[in-house]
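Summary of the model geometry
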Amino acid sequence: MKLKIAILAGDGIGPEIMKQGVAVLDAIAQKCNHEFEYEEALVGACAIDARGDAYPETTHDVCMRADAVFFAAVGDLKYDNNPTLKMRPETGLLAMRKKLGLFANIRPVATFDCLLHKSPLKEELLRGADFVVIRELTGGMYFGEKYQDNDKAFDTNVYTRPEIERILKVAFEMAMQRHKHLTVVDKANVLASSRLWRQVAKEMETQYPEVMTDYMFIDNASMRVLTEPRFFDVIVTENTFGDILTDETSCITGSMGLQPSSSLGEHTPLFEPVHGSWPQAAGQNIANPLAQILSAAMLLEHFGLEREGALVRQAVNASLDANVRTPEIQVEGGQKYGTKEVGQWIVNYIEKA
């Protein structure tokens, strides 16, 4: 298979983990006779510095002519403490999602038996947890009308029926492919936007009679993903709730450095780790590349390369079992491995498989 892949490394640790993700894709291409063509582009703080725009039109052009976007992270400390700035690195991420029409963010949450001890939660609660969070990505407060002065500020949380229907369709169909259980997370007891979400979901239930659909307020869901993670199969929710909920699920995996994601919609699909740019660690060779590498597995599987994606996952699992890990998940007294060393070990595994 031939694929054109846009490479958006972004800021902070982004370039370091991206290098390992691309190396894994190259190893798969060599092993399985595929051809992956890469085109790099700027996004985030580096794009602001170079072009004065966090998501330049030239970057958008690269994304639009690609088959897939492979993205790392955006964010820089120099932009964090000035709330008056009109252009921030994260502005580029939002613009990319909007212009590519990426309305469905898919974040799998699964445990690794050898890492259960790294979670702050009890092992007996975690073992066997395996669910997917589907987050609406282009609506809600992040994109609604905003206002701020010295005394007042507001963000409007707007959703339309078509926006809700299309993300629920993704969620119901994902549930059909998995264990036929869907949880719709909202705040319908308080928010009008959530009541519309629940109304539309109730109407769509009849189209998927095999799916057991339940409804949960976000406050209850935030508690239960940590106390009963095995209850869930597929969760679907709006943008703001999804952002918070999916970061919370890092307590289940033991590290945000283990969580990949994909964003699907109207144009080029995007694949990225869920963690941020961690600028304090940039250049230190300590960032965990596994979420980036697992995002590469999701990219391969999106294009029907199931065997190749499975090989990447097998290599990641083998690296964890062999204690080839970056510092935040290494066992006490274990050998020290950096970003490069973990990535190279996985590449070597794939080449020898």
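Everything below is about the structure printed above this text.
In this text the structure is predicted, and so the values were computed from the model without any measurement.

Some thoughts on the layout of surface pockets
- In this structure, the largest pocket occupies an estimated 1,300 Å³ of space.
- In terms of lining residues, the largest pocket is bounded by 45 residues, among which Arg88, Glu90, Thr91, Leu94 and Tyr142 are the most central.
- Those elements that place two or more of their residues in the lining of the largest pocket are strand 3 (68-73), helix 4 (89-99), strand 6 (146-148), strand 7 (153-155), helix 9 (239-248) and strand 12 (270-273).
- When residues in the lining of the largest pocket are grouped by element, the largest group, six residues, is from helix 4.
- Of the residues that constitute the lining of the largest pocket, the class distribution is 21 nonpolar, 10 polar and 14 charged.
- Of the volumes computed, that of the second largest pocket is approximately 740 Å³.
- Forming the walls of the second largest pocket are 29 residues, and the residues nearest its centre are Ile106, Pro108, Met298, Glu301 and Arg313.

A few points about the side chain of Ser119
- Looking at where Ser119 falls in the secondary structure, it is placed in the loop between strand 4 (104-110) and helix 5 (123-126).
- Separated by 3.0 Å, the side chain of Ser119 and the backbone nitrogen of Leu121 make a polar contact.
- The contacts of Ser119, once residues within four sequence positions are left out, are Leu126, Cys251, Ile252 and Gly254.

Brief notes about the pairing of strand 3
- Taking burial as the measure, the six residues of strand 3 include six buried ones, the bulk of the element.
- Taken together, the five bridges between strand 1 (residues 2-10) and strand 3 define a ladder with parallel strand orientation. The residue of strand 3 that forms the bridge with Gly10 is Ala73.

With respect to the environment of Gln292
- Relative to the helices and strands, Gln292 is located in helix 11 (residues 290-302).
- Distance in space between the C-alpha atoms of Gln292 and Thr253 is 15 Å, their sequence separation being 39 residues.
- Apart from residues no more than four positions distant in its own chain, Gln292 is found in contact with Ile17, Met18, Gly21, Phe70, Phe71, Ala72 and Pro273.

Considering the sheet that holds strand 9 (residues 212-217)
- Strand order in the open sheet formed by 10 strands is 2-1-3-12-11-4-5-10-8-9, and the pairing between neighbours is mixed. Among the strands making up the open sheet, the edge pair consists of strand 2 (35-40) and strand 9. Across the sheet, the mean angle from the axis of one strand to that of its neighbour is 25°, orientation sign disregarded.
- Direction of pairing for strand 1 relative to strand 2: parallel, over a ladder of six bridges. Looking at the pairing, Ile5 lines up with Tyr38 of strand 2.
- In the packing of helix 8 (residues 218-227) onto the sheet, the strands contacted are strand 8 (181-186), strand 9 and strand 10 (234-237), and the crossing angle to strand 9 comes to about 105°.

Topic: the nonpolar core
- Ranked by internal contacts, the top residues of the largest apolar core, which has 44 residues, are Ile5, Phe70, Leu290, Val312, Ile346 and Ile350.
- Looking at this core, the elements with two or more residues in it are strand 1, helix 1 (14-32), strand 3, helix 11, helix 12 (306-321) and helix 13 (339-352).
- With 24 residues, the next largest nonpolar core counts Ile167, Val200, Tyr208 and Val234 among its residues.

What to know about unusual backbone geometry
- At Asn33, a residue that is not glycine, the phi angle is positive and equals roughly 60°.
- On the accessibility criterion, Asn33 (68% relative accessible area) is exposed.
- At Asn285, a residue that is not glycine, the phi angle is positive and equals roughly 60°.
- Mapped onto the secondary structure, Asn285 falls in the loop between strand 12 and helix 11.
- A residue is classified by how much of its surface remains accessible, and Asn285, at 21% relative accessible area, is partly exposed.

Considering the packing of aromatic side chains
- For the coordinates displayed, the defined rule picks out six aromatic pairs.
- Ring geometry for Phe131 versus Phe232: centroids 5.8 Å apart, planes at 50°, classification tilted. Of this pair, Phe131 sits in strand 5 (residues 130-136) while Phe232 is found in the loop between helix 8 and strand 10, placing the two residues 101 residues apart along the sequence. Comparing Phe131 with Phe232 shows no difference in burial state: the two are buried.
- With 5.1 Å between their ring centres and 90° between their planes, Phe231 and Phe232 make a pair best called edge-to-face.
- Its relative accessible area of 29% is what places Phe231 among the partly exposed residues.
- For the cation-ring pair, Lys98 lies above Phe143, with the distance from its terminal atom to the ring centre recorded as 4.8 Å.
- When the ring centre of Phe231 is taken as origin, the NZ or CZ atom of Arg224, which lies over that ring, is 4.4 Å away.

As for the pairing of strand 12
- Burial along strand 12 is two-sided: the face carrying Leu270 and Glu272 and the face carrying Phe271 and Pro273 are both buried.
- Of the strand pairs in this sheet, strand 3 and strand 12 are connected by two bridges, and their pairing is parallel. Each bridged residue has a counterpart across the sheet, and for Phe70 the counterpart in strand 12 is Phe271.
- Here four bridges tie strand 11 (residues 260-264) to strand 12, and the two strands are oriented antiparallel to one another. Each residue of the ladder has a partner; that of Ser263, found in strand 12, is Leu270.

Notes on empty space enclosed by the protein
- In the structure shown here, the tally under the stated rule is one cavity of 30 Å³ or more.
- Approximately 30 Å³ is the volume found for the largest cavity.
- If you trace the largest cavity, you find it lined by Lys4, Ile5, Ala6, Glu37, Tyr38, Glu39, Val62, Arg65 and Ala66.
- Where the lining of the largest cavity is concerned, the elements lending two or more residues are strand 1 and strand 2.
- Per-class residue counts for the lining of the largest cavity are five nonpolar, no polar and four charged.

Rules of the game
Residues numbered from 1 in each chain as written. Predicted model: local features only at pLDDT ≥ 70, side-chain atom pairs only at ≥ 80, totals over all residues. Heavy atoms only, no water. 1 Å grid on protein atoms, 1.4 Å probe; cavity = no way out; pocket = protein on both sides within 12 Å on 5 of 7 lines; lining within 4 Å. Points joined across faces, edges and corners; volume = space filled by probe spheres on them. Helix = DSSP H or I, 4+ residues; strand = E, 2+ residues; numbered from the N terminus. Nonpolar A, V, L, I, M, F, W, Y, C, P; charged D, E, K, R; others polar. Polar contact = N/O pair within 3.5 Å; in protein donor to acceptor, adjacent residues only side chain to side chain. Contact = heavy atoms within 4.5 Å. Buried < 20%, exposed > 50% of the residue type's maximum accessible area, 1.4 Å probe, protein only. Pairing = 2+ DSSP bridges. Axes fitted to C-alpha atoms, helices over the stretch in contact; angles between N-to-C directions. Core = buried A, V, L, I, M, F, W, Y, C linked by side-chain atoms within 4.5 Å. Phe/Tyr/Trp six-rings, centres within 6.5 Å; stacked < 30°, edge-to-face > 60°. Lys NZ or Arg CZ within 6 Å of the ring centre and 35° of its normal.

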